Amino acid sequence: MKICMIGTGYVGLVVGACLAEMGHEVICVDNNPAKISALLNGQLPIYEPGLERLVERNVLESRLSFSLDISESVAQSQFIFIAVGTPPAEDGSADLTYVMKAVEQIGASIRDYAIVITKSTVPIGSSERIRGIIEEQLKNRGLTDLEFDIVSNPEFLREGAAVNDFLNPNRIVVGSSNPRALAYMEKLYLPLTSKGFPIVHMDIASAELAKYASNAMLATRISFMNEMAGICEAVGADIERVRQGMELDHRIGSYFLSAGVGYGGSCFPKDVRAIIQSATERNIPTHILEAVDKVNHKQKQKLFEMVVGHFGEDLKGLRLAVWGLSFKPETDDIREAPSIETIEQLRKRGVQIHVHDPVALQNAYQALGEENIKYFTGPYQALMDADALLIFTEWKQYRSADLGRIKSLLKQPVLFDGRNLFNPYMMKEEGFVYQSIGRMK
Ligand SMILES: NC(=O)c1ccc[n+]([C@@H]2O[C@H](COP(=O)([O-])OP(=O)(O)OC[C@H]3O[C@@H](n4cnc5c(N)ncnc54)[C@H](O)[C@@H]3O)[C@@H](O)[C@H]2O)c1
């Protein structure tokens, strides 16, 4: 089956490569020439475990190709996925500029019956707007008889485990009320459903909302635990023990119950704000979602507050080491990462910052530049002569770090741990001033 993937970012590239792996013929298109030329030269523009080999194999076997030519790629394909970004607008709503631009290009280019599928996370009602734009374009081209269907097929993959998530999904959500479109989508996903992975059909609006509701639920669990962590600190309890006491309850389960420095990334923050905005436009109150967002904003301040609490308001001349820049491990994505916000705050106060991350240094350099920041490819190099270490991301290598080495390299044995990687008792024994989230100092 011939597929065109419009937008070759974190989602488009993974989904395109995985659909090719499932046996389909996929053209991934993007309007960023640097991205496409890197891919044509065999270089991946993102870090995602397992993706490089998948892309390499499917390109070699001629199922996966890359192009800048959106019109021609759309014209050749029966399934047209939209996987462009939907960043937050000023008011928090999803900015659909990229989606609508892609839709115009689709309307201007389709030649035969096609299924237009939204993979991008779009607010309720977007698919109907998309239908209207394509109909208008076809009318302008004198092609009112050309048939097409719109399907909402939201993506639930997690960065850092994206390939595995797509090829082994908990569920495939397909939104459409048209039996013809549903039949085509079932055929498309047959390689997965034949292995037992479930496909769930629903109307378009429910599919669009299922994506927002899922992300909002996960964000809620994180903010809930961060609020509990604050209570733990006040009453002398330990959030890690509290979590263990909760997660064995099957009604609660163990996922997304870790306290930390708040959620980041390109999805949770923007999707929570977008659903608040969608509800507000319809005069529906969103007490829970607003609280989730507010708690997260506060939590992202945590390590900055620890630094000020320990060193005082005047931070000028301090040198701090930062381990972990990406919003979570196994990705180079730094969008809305708590590390970036805190580094900005610290350097405004005259702090020199030494940063390390296993894969996100390049993205961080592009976002932060050189002012008061030095980038290190080795974690221990970043510690030299630093007054304290701040940890933002739970990369495995940090968890198993040599505490003696950390202590010998830092000017003072001070560690602010935003991911609760170490045991507070052990850290005290090792002679560290150690602060973490929701546990004793
Ligand atoms: N990143 C995730 O983990 C994730 C998971 C599920 C859903 N989503 C959703 O998927 C969508 C894409 O997210 P992403 O993280 O892949 O974004 P991204 O920014 O990494 O990728 C988007 C790509 O689209 C390209 N693009 C924009 N307009 C285009 C056009 N008119 N024609 C061709 N290419 C165009 C951009 O150049 C970019 O490469 C968003 O709506 C996001 O909310 C993301």
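Residues numbered from 1 in each chain as written. Predicted model: local features only at pLDDT ≥ 70, side-chain atom pairs only at ≥ 80, totals over all residues. Heavy atoms only, no water.

**A few points about unusual backbone geometry**
Just so we agree on the cut-off: Under the DSSP-based scheme used, a helix requires at least four consecutive residues in state H or I and a strand at least two consecutive residues in state E, with every element numbered from the N terminus. Relative accessibility decides the category of a residue: with a 1.4 Å probe and only protein chains considered, values under 20% of the type maximum give buried, values over 50% give exposed, and everything between is partly exposed.
The backbone phi angle of Glu330 is positive, close to 65°, even though this residue is not glycine. Within the secondary structure, Glu330 sits in the loop between strand 9 (319–323) and helix 15 (338–348). Glu330 gets classed as partly exposed once you look at its relative accessible area, which sits at 27%. In this structure, Asp385 is a non-glycine residue whose phi angle is positive, near 60°.

**Describing the environment of Lys211**
Under the convention used in this document: Contact between two residues is taken to exist if any of their heavy atoms lie within 4.5 Å; hydrogens are not considered. Whenever a nitrogen or oxygen atom comes within 3.5 Å of another N or O atom, the pair is scored as a polar contact, on the condition that within protein one atom can donate a hydrogen and the other can accept it, and that pairs from neighbouring residues in sequence are kept only if both atoms are in side chains.
Mapped onto the secondary structure, Lys211 falls in helix 10 (residues 204–235). Of the residues examined, Lys211 reaches a relative accessible area of 6% and is grouped as buried. In this structure Lys211 touches Thr121, Pro154, Glu155, Phe156 and Asp271, once residues within four positions along its chain are discounted. Of the polar contacts made by the side chain of Lys211, one reaches the backbone oxygen of Glu155; its length is 2.7 Å.

**Here's the deal with the site of the ligand**
What counts here: Each residue is tested against the molecule or strand, and it is near if at least one of its non-hydrogen atoms lies within 4 Å. Each accessible area is a Shrake-Rupley result for a 1.4 Å probe, and residues are judged covered by the shown protein chains and nothing else. Each residue receives one of three labels: charged for Asp, Glu, Lys and Arg, nonpolar for Ala, Val, Leu, Ile, Met, Phe, Trp, Tyr, Cys and Pro, and polar for the others, Gly being one of them. What counts as a domain boundary in this text is fixed by an automatic or database domain assignment.
Near the ligand you find 28 residues, and of these Asp30, Lys35, Thr86, Glu159 and Lys270 are the closest. Here a nitrogen atom of the ligand and a side-chain polar atom of Gln105 are 3.2 Å apart. Contact with the protein chains hides 91% of the accessible area of the ligand, taken as 830 Å² for the molecule alone. Take the shell around the ligand: its biggest share by element is three residues, from helix 5 (residues 97–109). Of the residues assigned to the shell around the ligand, the class counts are nine nonpolar, 11 polar and eight charged. When residues of the shell around the ligand are assigned to domains, at least three fall in each of domain 1 (2–202) and domain 2 (212–298).

**Some thoughts on the environment of Gly132**
Structurally, Gly132 can be placed in helix 6 (residues 126–140). On the basis of relative accessibility, which here comes to 32%, the residue Gly132 falls in the partly exposed class. Separated by 140 residues in sequence, Gly132 and Val272 have C-alpha atoms that sit 27 Å apart.

**A few points about the nonpolar core**
To be explicit about the condition: What makes a nonpolar core is a set of buried Ala, Val, Leu, Ile, Met, Phe, Trp, Tyr and Cys residues whose side-chain atoms join them at distances within 4.5 Å.
With 42 residues, the main nonpolar core has Leu19, Phe81, Met185 and Tyr189 as its most contacted residues. Per element, the largest residue contribution to this core is eight residues, and it comes from helix 1 (residues 10–21). Setting aside chain neighbours within four positions, we find Tyr189 in contact with Met22, Phe81, Lys119, Asn153, Phe166, Ile172 and Ile199.

**Some details on the UniProt feature "domain: UDP-glucose/GDP-mannose dehydrogenase C-terminal" (unreviewed entry) in the protein**
Counted only if it meets this: UniProt positions are given in the numbering used here, feature names are shortened, and annotations may be inferred rather than shown by experiment.
UniProt's entry tags residues 321–424 with the feature "domain: UDP-glucose/GDP-mannose dehydrogenase C-terminal" (unreviewed entry), counted in the numbering of this structure. The span residues 321–424 shows a helical share of 30% and a strand share of 19%, and its end C-alpha atoms are spaced 20 Å apart.

**Some thoughts on the domain arrangement of the protein**
So the rule is basically this: We define buried area as the total accessible area lost by two parts upon association, computed with a 1.4 Å probe and summed across both.
With domains assigned, the protein is organised as domain 1 (2–202), domain 2 (212–298) and domain 3 (300–435). For domain 1 versus domain 2, the distance between C-alpha centres works out to 30 Å. At the junction of the two partners, domain 1 supplies 14 residues and domain 2 supplies 10 residues. Carbon and sulfur atoms supply 54% of the area buried between domain 1 and domain 2, which totals about 930 Å² over both sides.

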